[in-house]
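So you can see what is in the structure, the chains are spelled out below.
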Amino acid sequence: TDLAHIRNFSIVAHIDHGKSTLADRLIQSTNTVSEREMKEQLLDAMDIERERGITIKANTVRIEYIADNGEQYVLNLIDTPGHVDFAYEVSRSMRAVEGSLLVVDSTQGVEAQTLANVYQAIDADHEIVPVLNKIDLPASEPERVKEQIEDVIGIDAEHALLVSAKSGLGIKETLEAIVHRLPAPTGERDAPLKAMLVDSWYDAYLGVVVLVRIMDGVLKKGDKIKMMQTGATYPVDRIGVFRPAMQNVDELGPGEIGFLTAQIKQVRDTKVGDTITHEKKGAEKPLPGFKPSVPVVFCGLFPVDSAEFEDLRDAIEKLALNDASFSYEMETSAALGFGFRCGFLGLLHLEVIRDRLEREYDIELITTAPSVIYHVYMKDDTKIDLHNPADMPDMSKVDHVEEPRIKATILVPDEYLGDVLKLCQDRRGLQLDLTYAGNRAMVVYDLPLNEVVFDFYDRLKSVTKGYASFDYQMIGYREDNLVRMSILVNDEAVDALSMLVHRDRAEMRGRAMCEKLKELIPRHMFKIPIQAAIGGKVIARETLSAMRKDVTAKCYGGDATRKKKLLEKQKAGKKKMRQFGKVEIPQEAFISALKMD
Ligand code: GDP
Ligand code: MG
């Protein structure tokens, strides 16, 4: 296809504003797939994505459209991940296209992820077409939302399209706008090959599949290609496009988007954002702006049943095949036995992986509290990247500790603003900005990531009854007065419960944890002291008193079946416990104890 008849675009939206529905409608109305093949939400493949209504991996589809001017166009849609954890993947896929449809739910208006995603599109120099969706609903307020788009985002919304992705209203106009309002790609057919590696995943039949956007040159089957970041070379055994099913083609030229397979063994060998060129007569300089995506949130994953460790290892290795941004290494904990310390792009990413392990592989897990990477500067001038609070060296040898900070943007209806400010303040936030857009406030805070990774989303949701939207980006590391707090149960430190806390908050956090644990740990035949300590100094203490009677004593007379049932119940409960010294700690203690309310 010649460049003038190609349009490449993405759809940016806040979750639930209708991105997937619109994509489906565009595919359907161009007869890209037959009615029979048309499943609801074609582009959201994975179960978890469907359930949570989020798109995790970028998907792509090639649509052929005959416009009102009689000409046939190829429209390539890249569906970007909608969530903050995958911001880097979003930014790369944005660089692979020239324009965006900005979908805003006309009953809701601009939300935090609308902003985050549209800024990425603006950064990538996109032409942006605003689409007001859900205009079939009585609560739709297109005029108010147009104004809001102009005020908050600062783009012209006068010619915003009025669409109902559900009923199909405005879909024709959307296709015409893609053709006439978005620019055609540019590129040189005769130049050395430059293809951007937009995404990659593992396919059970084809092995690693690589999604590429050709910038310059031509990619053909049988070509020998080179990854410019890693230097690895491969012969290309298949190229094709997504309609949305894979369809082989002979070549991909400038401006085109498609896939290649090349007997690449692991997804890890393909770096998102890398430039692919020919091994011989290749490009000299890669495309600008490559940066590897790195995990920022870490936690321990341990099997509840220690006999399942090998199963967990297999499952984790399989998942990692398909997700290069997830890292893992073996970890042993005195409290929890053998498990893995895993790194994630963010909290949602963590939840997705944990869910998949539990659901698809049927392994019950204990998840330790998420933690960030601290920079620990030692008095002897060495520096440690601390992934696990349990590994914190003796404080007397530590000069200072730095923690990662984020810039968080929260949009919230007026009436909840006070609660949001209090929450951010409680989490050691520094307010950077506060503005209004209609009846919504937009607050920007500088917050320690550590205070956010744990239960910030949950707290934010609950104090705003679900009306707040939230997005963040990393801004760097800053020193603060951070110390390691250990938790001792029956005088033994439980490594999986240790954490770094701000010195000024240590007493409060320590007290809250001891109280929580006192509720969570069942009584034993003896008295159990529960303590929080910094270095050798105890800062909080609770005592769990001894159990007076055997549980079965509650049964009267000699009802043997009842007694047996109770004992069985007790045994089942025990399976979810971890023996620690003489004390049994239930699995939920490891996560619940750290929740702050
Ligand atoms: P995404 O998270 O942006 O991909 O949003 P979805 O496409 O999954 O849509 C979220 C919800 O809004 C779903 O329940 C859709 O059925 C619904 N929805 C999407 N578009 C429309 C629309 O134009 N009108 C109405 N009434 N509902 C819509
Ligand atoms: Mg979706």
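- For the protein chain, the name recorded in an unreviewed UniProt entry is Elongation factor 4, with Salipiger mangrovisoli as its organism.
- What the UniProt record of the protein chain gives under Catalytic activity (unreviewed entry) is the line "GTP + H2O = GDP + phosphate + H(+)".
- Its UniProt record gives the protein chain the following Sequence similarities (unreviewed entry) comment, quoted word for word: "Belongs to the TRAFAC class translation factor GTPase superfamily. Classic translation factor GTPase family. LepA subfamily."

## So, the overall build of the protein chain
Link 1 in the chain: Within the protein chain, the secondary structure is distributed over 14 helices and 34 strands.
Link 2 in the chain: Of all 597 residues assigned to the protein chain, the portion counted as buried reaches 55%.
Link 3 in the chain: Within the protein chain, contacts between residues separated by at least 24 positions form 69% of all contacts whose residues are at least 6 apart in sequence.
Link 4 in the chain: Here the protein chain displays about 26,900 Å² of accessible surface, and carbon together with sulfur accounts for 48% of that area.

## Points about the sheet that holds strand β16 (residues 275-278)
Link 1 in the chain: Spatial strand order, β11-β10-β16-β7-β8-β15-β12-β13: eight strands in an open sheet with antiparallel pairing. With partners counted over all chains shown, the strands left at the sheet margins are β11 (233-235) and β13 (246-248), one partner each. Here the strands of the sheet are splayed against their neighbours by 40° on average, with no regard to which way each runs.

## Some points on a negative patch on the surface
Link 1 in the chain: Together, Glu147, Glu150, Asp151, Asp156 and Glu158 make up a negatively charged patch on the protein surface.
Link 2 in the chain: Along the polypeptide, aspartate 156 turns up in the loop between α5 (142-153) and β6 (161-162).
Link 3 in the chain: Overall, the relative accessible area of 51% leaves aspartate 156 in the exposed class.

## Brief notes about the environment of aspartate 79
Link 1 in the chain: Assignment of secondary structure puts aspartate 79 in strand β3 (residues 72-79).
Link 2 in the chain: A relative accessible area of 1% places aspartate 79 in the buried class.
Link 3 in the chain: The spatial distance from the C-alpha of aspartate 79 to the C-alpha of valine 398 is 46 Å, given a sequence separation of 319 residues.

## With respect to the nonpolar core
Link 1 in the chain: Counting 52 residues, the largest nonpolar core has Leu357, Ile410, Phe456 and Phe470 as the members making the most contacts within it.
Link 2 in the chain: Among all residues touching isoleucine 410, those that are not within four sequence positions of it are Val420, Cys424, Ala441, Met442, Val443, Phe456, Leu460, Ala468, Ser469 and Phe470.
Link 3 in the chain: Ranked by size, the runner-up nonpolar core spans 32 residues in total, among them Ala335, Leu336, Val489 and Ala589.

## Structural notes on the site of ligand 1
Link 1 in the chain: Around ligand 1 lies a shell of 17 residues, among which Asp16, Lys19, Ser20, Thr21 and Asp136 are the nearest.
Link 2 in the chain: With respect to ligand 1, the side chain of serine 20 contributes an N or O atom lying 2.8 Å from an oxygen atom.
Link 3 in the chain: One nitrogen or oxygen atom from the main chain of lysine 166 is found 3.2 Å from an oxygen atom belonging to ligand 1.
Link 4 in the chain: Here ligand 1, which alone exposes 580 Å², has 80% of that area covered by the protein.
Link 5 in the chain: Among the elements that take part in the shell around ligand 1, helix α1 (residues 19-29) stands out by supplying three residues, more than any other.
Link 6 in the chain: When the residues that make up the shell around ligand 1 are grouped by side-chain class, the tally is three nonpolar, nine polar and five charged.

## What to know about the packing of aromatic side chains
Link 1 in the chain: Within the structure shown, the criterion is met by 10 aromatic pairs.
Link 2 in the chain: Put simply, the rings of Phe309, Phe326, Tyr328, Phe338, Phe340 and Phe344 touch in pairs and so form one group of aromatic residues.
Link 3 in the chain: A cation over an aromatic ring shows up here: lysine 582 above the ring of phenylalanine 526, its NZ or CZ 4.7 Å from the ring centre.

## Considering the side chain of lysine 146
Link 1 in the chain: Within the secondary structure, lysine 146 sits in helix α5.
Link 2 in the chain: When sequence neighbours within four positions are dropped, the list of residues in contact with lysine 146 reads Leu132, Ala157, Glu158 and Ala160.

## Considerations on the sheet that holds strand β2 (residues 59-66)
Link 1 in the chain: In space, the six strands of this open sheet follow the order β2-β3-β1-β4-β5-β6, with mixed pairing throughout. Edge positions in the sheet fall to β2 and β6, since each has one partner strand and no second.
Link 2 in the chain: Alignment of strand β4 (residues 99-105) against strand β5 (residues 127-133), held across seven bridges, turns out to be parallel. Looking across to β5, one finds that valine 104 is bridged to leucine 132.
Link 3 in the chain: Contacting β1 (6-13), β2, β3 and β4, α1 crosses the sheet at an angle of about 150° to β1.

## Focus on the packing of α1 against helix α6 (residues 171-181)
Link 1 in the chain: Taken N-terminus to C-terminus, the directions of α1 and α6 make an angle of 85°; their axes are 10 Å apart at the nearest point. Overall, the two elements α1 and α6 adopt an arrangement that is roughly perpendicular. Within the contact between the two elements, α1 uses Leu22, Arg25, Leu26 and Ser29 and α6 uses Ile171, Thr174, Leu175 and Ile178.
Link 2 in the chain: For the contact of α1 with α6, the per-class residue count stands at five nonpolar, two polar and one charged.

## Structural notes on helix α8 (residues 347-360)
Link 1 in the chain: Taking 1.5 Å per residue, 14 residues should reach 20 Å; α8 reaches 19 Å between its end C-alpha atoms and fits that length.
Link 2 in the chain: Within α8, burial applies to Leu347, Leu348, His349, Leu350, Val352, Ile353, Asp355, Arg356 and Leu357.
Link 3 in the chain: In the segment just after α8, aspartate 362 is the residue with positive phi, at about 60°.

## Concerning the pattern of salt bridges
Link 1 in the chain: Per the counting criterion, the structure on display carries 25 salt bridges.
Link 2 in the chain: When the shortest N-O distance is used, the salt bridge between aspartate 426 and lysine 422 registers 3.1 Å. A residue pair is termed a helical-turn pair when its members lie 3 or 4 positions apart in one helix, as aspartate 426 and lysine 422 do in helix α9 (residues 417-426) at four residues.
Link 3 in the chain: Aspartate 426 sits in the partly exposed class, given a relative accessible area of 37%.
Link 4 in the chain: A relative accessible area of 52% places lysine 422 in the exposed class.
Link 5 in the chain: Overlapping salt bridges bring together Glu403, Arg405, Arg428, Asp446, Glu451, Arg478, Asp480 and Arg509 as one network.

## Let's talk about unusual backbone geometry
Link 1 in the chain: In this structure, lysine 281 is a non-glycine residue whose phi angle is positive, near 55°.
Link 2 in the chain: Assignment of secondary structure puts lysine 281 in the loop between β16 and β17 (297-303).
Link 3 in the chain: Non-glycine residue asparagine 490 carries a positive phi angle of around 55°.
Link 4 in the chain: Here asparagine 490 lies in the loop between β28 (482-489) and β29 (492-493).

Reading the values: rules and limits
- Residues numbered from 1 in each chain as written.
- Chains lettered and ligands numbered in written order.
- Predicted model: local features only at pLDDT ≥ 70, side-chain atom pairs only at ≥ 80, totals over all residues.
- Heavy atoms only, no water.
- UniProt positions renumbered as here; feature names shortened; annotations may be inferred.
- Helix = DSSP H or I, 4+ residues; strand = E, 2+ residues; numbered from the N terminus.
- Buried < 20%, exposed > 50% of the residue type's maximum accessible area, 1.4 Å probe, protein only.
- Contact = heavy atoms within 4.5 Å.
- Areas by Shrake-Rupley, 256 points an atom, 1.4 Å probe, with all protein chains shown as cover.
- Pairing = 2+ DSSP bridges.
- Axes fitted to C-alpha atoms, helices over the stretch in contact; angles between N-to-C directions.
- Patch = residues over 30% accessible without salt bridge, like charges linked within 9 Å, V, L, I, M, F, W, Y side chains within 5 Å.
- Salt bridge = Lys/Arg side-chain N within 4 Å of Asp/Glu carboxyl O.
- Lys, Arg positive; Asp, Glu negative; His and termini not counted.
- Charge placed at Lys NZ, Arg CZ, Asp CG, Glu CD.
- Core = buried A, V, L, I, M, F, W, Y, C linked by side-chain atoms within 4.5 Å.
- Near = heavy atom within 4 Å.
- Polar contact = N/O pair within 3.5 Å; in protein donor to acceptor, adjacent residues only side chain to side chain.
- Nonpolar A, V, L, I, M, F, W, Y, C, P; charged D, E, K, R; others polar.
- Phe/Tyr/Trp six-rings, centres within 6.5 Å; stacked < 30°, edge-to-face > 60°.
- Lys NZ or Arg CZ within 6 Å of the ring centre and 35° of its normal.
- Parallel < 35°, antiparallel > 145°, perpendicular 65-115°, else oblique.
- Expected span 1.5 Å × (residues − 1).

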